[in-house]
Amino acid sequence: MSEISAEQINKLYGYMKNNMSINKFMKKFEISRRELDGILLACSVYGKDIEIVPNQEGKLVFKKKTKQVLYHLNKQNIHDGKLINNKICVVSDTHFGSIHNQLHLLNRIYKECYHRGINIVLHVGDMVDGNYPNRPENPRQQFLHGFDEQAGYVVDMYPRVNGITTYYILGSHDETHYKNGQATLSEWIPRCRKDMKYLGQDTGEININGVKIVLDHPGGGCAQSLSYKPQKRIEVLESQHKPKILLIGHYHKSYAFTYRNVQCVLVPSLCDKTQFQQKQGLSNALGAYFLDIYSDYRGNIQYFEPEEILFKKEDIWDEVGKDKNKVNKLVIK
Ligand SMILES: [Fe+2]
Ligand SMILES: [Fe+2]
């Protein structure tokens, strides 16, 4: 196997499963062990770490390490004092108002931010679940209906932690309120919450100590390959408008990779699988990212470590939204 593209890596990685025999994989793709080792090395470059370990019968199988992804762009410079370090947190798709929302998990992320001393959280859209008058099943899937109830919930219940500012964009679900009656969260949240700042509908930009970060909430479904649509998005950006970091919400998927020198992160949701996703057979990743960024004085990233936090099945509360009293608002003064 000669040159291997990100697309091919995605495909091969998708085929590898935990506990799958490596012989089965090598046979399927007609490759040698040496070539397999090369593929695993290429996978690790794209932030996908996989080990080969013996199973109980002594057969060699794959074991994916999906907890943490590292990019060592220029690690030796980190401690020389010339680089600027920013630690931020990224969340997305809270869908407040949906019976599947998981406010207690958002609270856990903000508590972790507090303990880590993080003071910037970016939210990549679909803050609320919205209102779809042409979907008759919609009201049964929500415990908060309409703009007032959902916007009020954000104002009242979104975690409020001393020292943390949340910068957010609005996504496809938030926009339904505008389409229905020109009501916008962008008007009301910042009026009521000084710790929450609006960056834009669908897309927004923020510069953190010279590092340009773009937040994007596209529409439409997800392509088979997780990186395909983000790559297309980066390709259409003119070089002077290219961000250093591109954060993408909406897909409820978790994935981090580098493309054309842009650090790209698909940000998972903080809402359990919806009826729509269930019917469509779509997966739903629940979690967040902590980003550790080292940049030079020009805002160029020298080291980037996206730490993926994924919640497990037992962390998820079933239809928690229906019982408003189950979750207290997180306030740290
Ligand atoms: Fe969403
Ligand atoms: Fe969305």
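Residues numbered from 1 in each chain as written. Chains lettered and ligands numbered in written order. Predicted model: local features only at pLDDT ≥ 70, side-chain atom pairs only at ≥ 80, totals over all residues.

A. Inspection of the nonpolar core at higher detail. Counting 62 residues, the largest nonpolar core has Cys89, Val90, Val91, Val154, Leu247 and Val267 as its most contacted members. By residue number, the principal contributor to this core is helix 4 (residues 103–116), which donates six residues. Once residues within four sequence positions are removed from consideration, Leu247 is found in contact with Val90, Leu122, Val124, Ile213, Leu215, Asp216, Val265 and Val267. Leu12, Met16, Val61 and Phe62 belong to the second-largest nonpolar core, a separate cluster that totals seven residues. (Core = buried A, V, L, I, M, F, W, Y, C linked by C-beta atoms within 7 Å. Buried ≥ 20, exposed ≤ 12 C-beta atoms within 10 Å, placed from the backbone. Helix = DSSP H or I, 4+ residues; strand = E, 2+ residues; numbered from the N terminus. Contact = placed C-beta atoms within 7 Å.)

B. Representation of the environment of Pro190 within the structure. Note that Pro190 resides in helix 7 (residues 185–192). Expressed as a C-alpha distance, the spacing of Pro190 and Val320, which sit 130 residues apart in the sequence, is 26 Å. The contacts of Pro190, once residues within four sequence positions are left out, are Met196, Lys197 and Tyr198.

C. Representation of the sheet that holds strand 3 (residues 84–91) in the model. Taken in spatial order, the six strands of this open sheet run 7-6-4-3-13-14, and their pairing is mixed. This sheet does not close on itself; its edge strands, each paired only once, are strand 7 (196–201) and strand 14 (301–310). Taking the axes of each pair of neighbouring strands and ignoring which way they run, one obtains an average angle of 20 degrees across the sheet. Across five bridges, the pairing between strand 6 (residues 165–170) and strand 7 is parallel. Bridge assignment links Tyr168 to a residue of strand 7, and that residue is Tyr198. Across the sheet, helix 7 touches strand 6 and strand 7, and the angle it forms with strand 7 is around 165 degrees. (Pairing = 2+ DSSP bridges. Axes fitted to C-alpha atoms, helices over the stretch in contact; angles between N-to-C directions.)

D. Spotlight on helix 4. Spanning 14 residues, helix 4 covers 20 Å between terminal C-alpha atoms, matching the ideal 20 Å at 1.5 Å per step. Turning to helix 4, its buried residues number three or more, namely Leu103, Leu105, Leu106, Asn107, Ile109, Tyr110 and Cys113. The inward-facing, buried residues of helix 4 contact strand 3, strand 4 (120–123), helix 5 (146–157), strand 5 (160–161) and strand 13 (287–295). One or two positions beyond helix 4, positive phi appears at Gly117, with a value near 75 degrees. (Expected span 1.5 Å × (residues − 1).)

E. Summary view of unusual backbone geometry. A positive phi is found at Asp93, a non-glycine position, where the angle reads about 45 degrees. On the secondary structure map, Asp93 appears in the loop between strand 3 and helix 4. Look at Asp93 and you get buried, because 28 C-beta atoms sit within 10 Å.

F. Fine view of the pairing of strand 9 (residues 211–216). For strand 9, the tally of buried residues reaches five of six residues, placing the bulk of the element in the interior. Strand direction decides the pairing type here: strand 8 (residues 203–208) and strand 9, joined by six bridges, are antiparallel. Across the sheet, Ile208 pairs through a bridge with Val211, a residue of strand 9. Taken together, the four bridges between strand 9 and strand 10 (residues 245–248) define a ladder with parallel strand orientation. Across the sheet, residue Val214 finds its bridge partner in strand 10, namely Leu246.

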